[in-house]
Amino acid sequence: ARRSVKQSALDVTRRGVQRLFQTDGVGHEALNAAITALTIKDSTPHARNTVLLGVIAGVCARSLQLKPILEERKKDYYAFYVREILGSRTVVPQHITDGLRDFLATFTTKEDLQKEIVPSVEKALLRAPEIVLNGLVAGTLQSLSQGIDLSEVLQKSLLKPLLANVKSTNVTIRNGALSTFETLASRSKNEDLTQMVADELLNPLKQSKTTSVDQRVIYAQMLSALNTSRALAHKIPLGLASLAIKEANEIAIAAETHAIAIHVTFALKHQITLDKTVTDAFVKGLVEKGLPARRLWALRVGNILWSLSAEEMELADVASFADPIVEKLIDIWHEVVQNPIPAIQNGQIAASYVATALAVSKLTNVKELKAASIVRKASVAKHALAIDPKPSFLLNSRVYTKVTSEEDLTWLLRA
């Protein structure tokens, strides 16, 4: 109900503004007067004017007669935004930060962004990150026209201040830096600049300069957010593989292996040969002494192969990747089949679900799979559906009723 009241108020306001500004003789003058009154600098903050300024911009964007007038007043909008929104001393409510969405989407060009907004954002990230990283900058970037490539803004202007804020002890600032980076990365199409961003993230990880777990996790999440490309499909898995194997923290392992999996998936789909170091990392991960880590590597293997189509599963590079891994996955599966109850506690039940789902639906499509004989010998379907002398790990209610995590449940259903 509250949402409908809000929408009705906006609709009524929009119709009233449209009627006023399109009135012969006074409309254009009224438009200029309204913009001046709403954007004028005063001794008290007027951030709330954002909503009405946004309505005016939306009306002008849809009018051939009014649009040129607002184009001439863009500097007033930018000055207001920098002063009242980016310069705010308190957290700006979301309905206000979203107020200029129509203006940003229609009137802001890449040149405007780099000249009028980005320099002030850089300063705000240093001055008051707790204000601008609370959804403000990310919301602004999301409002921009889809045609604006943000690669240069990310690599040349905002990457370093965002990474500086990743070191903050304030979790809101850290999460805000990540969400802002993710927005920038999703709109970054220049592969050369994106590679440079990846290097800025990988190098501190490889040089052990990111000493805190939170930093390593966020850096890995940032690498996951970069748009996939042929160059990154080689660079990121190779750069993270050895780090993930040595990583001791389970949360960091999860983030790092997730990033690896995203770019390995792209590599396999596009017939990009993986470095042997990457495949070896998955093999080592599946024999890790730490069972939680082993579970994570198994889940990543499952996600990679499950995302491939039947035609993609027939590619030679897929067979090269899957061959050494399948054997280790089946070894885990055998352990669980023999003793499923402890596998619930140590997480290996998830690996057995991955092995079962892949063996009965995906691996049959892999041509020249040397490990195919191992899969056939295991008789996965037969053991998974056994009910005598006792229910299998898949059918045993003492097992599946204890599965609680979303990922594990997903693989239970697939198996």
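All residue numbers refer to position in the chain's written sequence, counted from 1. Local features in a predicted model are, by the rule used here, given only for residues with pLDDT of at least 70; side-chain atom pairs are given and counted only at 80 or more, and totals for whole chains, interfaces and linings are based on all residues. Derived side-chain values reflect all non-hydrogen atoms in the structure, with water molecules and hydrogen atoms excluded from consideration.

1. Things to note about a nonpolar patch on the surface
Like-charged residues are merged into a patch within 9 Å and nonpolar side chains (Val, Leu, Ile, Met, Phe, Trp, Tyr) within 5 Å, provided each residue has over 30% relative accessible area and no salt bridge. Residue exposure ignores everything except the shown protein chains as possible cover, and the areas themselves are Shrake-Rupley values with a 1.4 Å probe. Between Lys or Arg on one side and Asp or Glu on the other, a salt bridge is scored when a side-chain nitrogen of the former is within 4 Å of a carboxyl oxygen of the latter. Nonpolar side chains collect at one region of the surface, where Leu-385, Ile-387 and Leu-395 lie side by side and expose about 310 Å² of accessible area between them. Numbering of helices and strands runs from the N terminus, with a helix taken as a DSSP run of H or I at least four residues long and a strand as a DSSP run of E at least two residues long. Turning to its location among the elements, Leu-395 is positioned in the loop between helix H24 (380-384) and helix H25 (397-400). Remark: exposure states derive from per-residue accessible area (1.4 Å probe, protein chains only) relative to the maximum for the residue type, with buried under 20%, exposed over 50%, and partly exposed in between. What makes Leu-395 partly exposed here is its relative accessible area of 36%.

2. Let's talk about the UniProt feature "domain: Stalled ribosome sensor GCN1-like N-terminal" (unreviewed entry) in the protein
The UniProt entry lists residues 74-209 under the feature "domain: Stalled ribosome sensor GCN1-like N-terminal" (unreviewed entry), expressed in the numbering used here. The span residues 74-209 carries 75% helix and 0% strand; its end-to-end C-alpha distance comes to 43 Å. UniProt positions are given in the numbering used here, feature names are shortened, and annotations may be inferred rather than shown by experiment.

3. So, helix H13 (residues 191-206)
By this rule, a helix spans an expected 1.5 Å times one less than how many residues it contains. Here H13 is 16 residues long and its end C-alpha atoms lie 22 Å apart, about the 22 Å a rise of 1.5 Å per residue gives. Those residues of H13 not exposed but buried are Leu-193, Thr-194, Val-197, Ala-198, Leu-201, Leu-202, Pro-204 and Leu-205. Whether two residues are in contact is decided by their heavy atoms, any of which lying within 4.5 Å being enough. Among the structural elements, helix H11 (151-166), helix H12 (171-186), helix H14 (213-225) and helix H15 (230-246) are those in contact with the buried residues of H13. Whenever a nitrogen or oxygen atom comes within 3.5 Å of another N or O atom, the pair is scored as a polar contact, on the condition that within protein one atom can donate a hydrogen and the other can accept it, and that pairs from neighbouring residues in sequence are kept only if both atoms are in side chains. Two or three places before Asp-192, at the opening of H13, Asn-190 has a side-chain oxygen 3.0 Å from that residue's backbone nitrogen. Phi turns positive one or two residues past the end of H13, at Ser-208, with a value near 60 degrees.

4. Examining the nonpolar core
Think of a nonpolar core as a cluster: buried Ala, Val, Leu, Ile, Met, Phe, Trp, Tyr and Cys residues, connected wherever their side-chain atoms sit within 4.5 Å. Of all hydrophobic cores here, the largest spans 137 residues; its most connected members are Ile-56, Phe-181, Leu-223, Leu-226 and Phe-282. Among the elements that take part in this core, helix H20 (residues 316-338) stands out by supplying 11 residues, more than any other. Beyond its immediate stretch of four places on either side in the chain, Phe-181 contacts Leu-154, Leu-159, Leu-162, Val-197, Leu-201, Met-222, Ala-225 and Leu-226.

5. Some words on the packing of helix H17 (residues 276-285) against helix H18 (residues 291-306)
Axis definition: a line fitted to C-alpha atoms, over the contacting stretch in the case of helices. Angles run 0 to 180 degrees between N-to-C directions. H18 packs onto H17 with a crossing angle of 130 degrees between their chain directions and a minimal axis gap of 8 Å. By the criterion of interaxial angle, the relationship of H17 to H18 is oblique. On H18, the residues touching Ala-281, Phe-282 and Gly-285 of H17 are Ala-293, Arg-294, Trp-297, Arg-300, Val-301 and Ile-304. Any residue outside Ala, Val, Leu, Ile, Met, Phe, Trp, Tyr, Cys, Pro, Asp, Glu, Lys and Arg is labelled polar, Gly included; the first ten of those are nonpolar and the last four are charged. For the contact of H17 with H18, the class distribution of residues is 6 nonpolar, 1 polar and 2 charged. Should an angle fall under 35 degrees it is called roughly parallel, over 145 degrees roughly antiparallel, and 65 to 115 degrees roughly perpendicular, with every other angle called oblique.

6. Description of the packing of H11 against H13
Where H11 meets H13, the axes come as close as 9 Å, and the angle between the chain directions of the two elements is 15 degrees. In this view, H11 runs roughly parallel relative to H13, as classed from their interaxial angle. H13 is crossed by H11, and the crossing has right-handed handedness. For the pair formed by H11 and H13, the contact residues are Ser-151, Glu-152, Leu-154, Gln-155, Leu-159, Lys-160 and Leu-163 on the first element and Leu-193, Met-196, Val-197, Glu-200 and Leu-201 on the second. Its residues placed into classes, the contact of H11 with H13 shows 7 nonpolar, 2 polar and 3 charged. By the definition used in this description, the sense in which the near helix is turned from the far one sets the handedness, with an anticlockwise turn below a right angle giving left-handed and a clockwise turn giving right-handed.

7. Structural notes on helix H2 (residues 27-39)
For an α-helix the count is 3.6 residues per turn, leaving residues at separations of three or four pointing the same way. In this model H2 runs 18 Å from its N-terminal to its C-terminal C-alpha over 13 residues, within 8% of the 18 Å that 1.5 Å per residue would give. Where H2 is concerned, the buried positions are Gly-27, Ala-30, Leu-31, Ala-34, Ile-35, Leu-38 and Thr-39. Seen from one end, H2 has its buried residues packed into an arc of 145 degrees, which puts them on one side. Relative to its buried face, H2 has exposed residues pointing more than 90 degrees away, namely Glu-29 and Ala-37. The arc in question is traced by the directions running from the helix axis to the C-beta atoms.

8. Quick word on the environment of Val-278
Along the polypeptide, Val-278 turns up in helix H17. Taking the C-alpha atoms as reference points, Val-278 and Leu-329, 51 residues apart in sequence, are found 16 Å from one another. In this view, Val-278 contacts Pro-237, Leu-238, Ala-241 and Val-264; residues no more than four positions away in its chain are not counted.

9. Digging into the pattern of salt bridges
Tallied over the entire structure, the rule returns 18 salt bridges. The closest approach of N and O atoms between Glu-152 and Lys-110, which form a salt bridge, is 4.0 Å. With Glu-152 in helix H11 and Lys-110 in helix H8 (residues 110-127), the pair connects residues that are 42 residues apart, well separated along the chain. The class of Glu-152 is partly exposed, set by a relative accessible area of 29%. Given the relative accessible area of 28%, Lys-110 is considered partly exposed. Two residues, Glu-200 and Lys-160, come together in a salt bridge whose shortest N-O distance is 3.8 Å. Pair noted here: Glu-200 is in helix H13 and Lys-160 is in helix H11, with a separation of 40 residues, a long-range link. Under the relative-accessibility criterion, Lys-160 is labelled exposed at 58%. Bridged by salt links that share partners, the residues Glu-71, Lys-74 and Asp-112 form one connected network.

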